[in-house]
Amino acid sequence: MLLVGGRNDPAQVIEVFHLLCLRVLAADRQDWFVLKGGAHIRYFFESPRYSNHIDLDFYGRAAWKVGETVQKVLEGKTIER
């Protein structure tokens, strides 16, 4: 959990950002990407290891469409800065 007004571990901040991004990306449909790598192991198998990035495989969408979707998430108000 992130502390409000307190000091947060940078790894925790990154993890919360990852989870928020995944939640927004999956809000519409969940069948166009698969989470892989360290984040997958941490979130689904409760690994104690933190991951600095998200590995995604995607299918059924053109690469430009995926980029557009991710850009909208990063620029949108859904995730507060």
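Just above sits the structure.
Residues numbered from 1 in each chain as written. Predicted model: local features only at pLDDT ≥ 70, side-chain atom pairs only at ≥ 80, totals over all residues. Heavy atoms only, no water.

## Side note on the packing of aromatic side chains
This is how it is decided: Stacked, tilted and edge-to-face are the three classes applied to pairs of Phe, Tyr and Trp rings, where Trp contributes its six-membered ring and a pair requires centres within 6.5 Å; stacked means planes under 30 degrees apart, edge-to-face means over 60, and tilted covers the rest. Throughout, exposure labels follow a simple rule: accessible area from a 1.4 Å probe, protein chains only, divided by the maximum for the residue type, with under 20% read as buried, over 50% as exposed, and the rest as partly exposed. Two conditions define a charge sitting above a ring: the NZ of Lys or the CZ of Arg must be within 6 Å of the ring centre, and it must be within 35 degrees of the ring normal.
Per the counting criterion, the structure on display carries 1 aromatic pair. Both rings, one in tryptophan 32 and one in phenylalanine 33, keep their centres 4.9 Å apart while their planes meet at 70°; by these two values the pair is edge-to-face. Like tryptophan 32, the residue phenylalanine 33 is buried in the burial classification. Across from the ring centre of tryptophan 32, 4.1 Å away, lies the NZ or CZ of arginine 61, which sits over that ring.

## Focus on helix H1 (residues 10-25)
The condition that has to hold: Put simply, DSSP marks the helices as runs of H or I at least four residues long and the strands as runs of E at least two long, and each gets a number from the N terminus on. The span expected for a helix works out to 1.5 Å for each residue beyond the first. Contact definition: two residues touch when any of their heavy atoms are within 4.5 Å.
With 16 residues, H1 extends 23 Å from end C-alpha to end C-alpha; this agrees with the ideal 22 Å at 1.5 Å per step. For H1, the elements touching its buried residues are strand E1 (33-36), helix H2 (37-45), strand E2 (55-58) and helix H3 (63-75).

## Examining the side chain of arginine 42
Applicable threshold: Whenever a nitrogen or oxygen atom comes within 3.5 Å of another N or O atom, the pair is scored as a polar contact, on the condition that within protein one atom can donate a hydrogen and the other can accept it, and that pairs from neighbouring residues in sequence are kept only if both atoms are in side chains.
Summarising the element assignment, arginine 42 is placed in helix H2. Look at arginine 42 and you get buried, because its relative accessible area is 18%. At 2.6 Å, the side chain of arginine 42 and the backbone oxygen of serine 47 are in polar contact. A distance of 3.5 Å separates polar atoms of two side chains, one belonging to arginine 42 and the other to tyrosine 50. When neighbours within four sequence positions are excluded, arginine 42 is seen to be in contact with Glu15, Ser47, Pro48, Arg49 and Tyr50.

## Here's the deal with the nonpolar core
Condition: Throughout this description, the term nonpolar core refers to a set of buried Ala, Val, Leu, Ile, Met, Phe, Trp, Tyr and Cys residues connected via side-chain atoms within 4.5 Å.
The biggest cluster of nonpolar side chains holds 10 residues, and these are Cys21, Leu22, Leu25, Ala26, Trp32, Phe33, Leu35, Ala39, Val66 and Val73. For this core, the elements supplying multiple residues, two or more each, are H1, E1 and H3. Counting residues per element, this core draws most heavily on H1, at 3 residues.

By themselves, these figures tell us nothing about what the structure is for.
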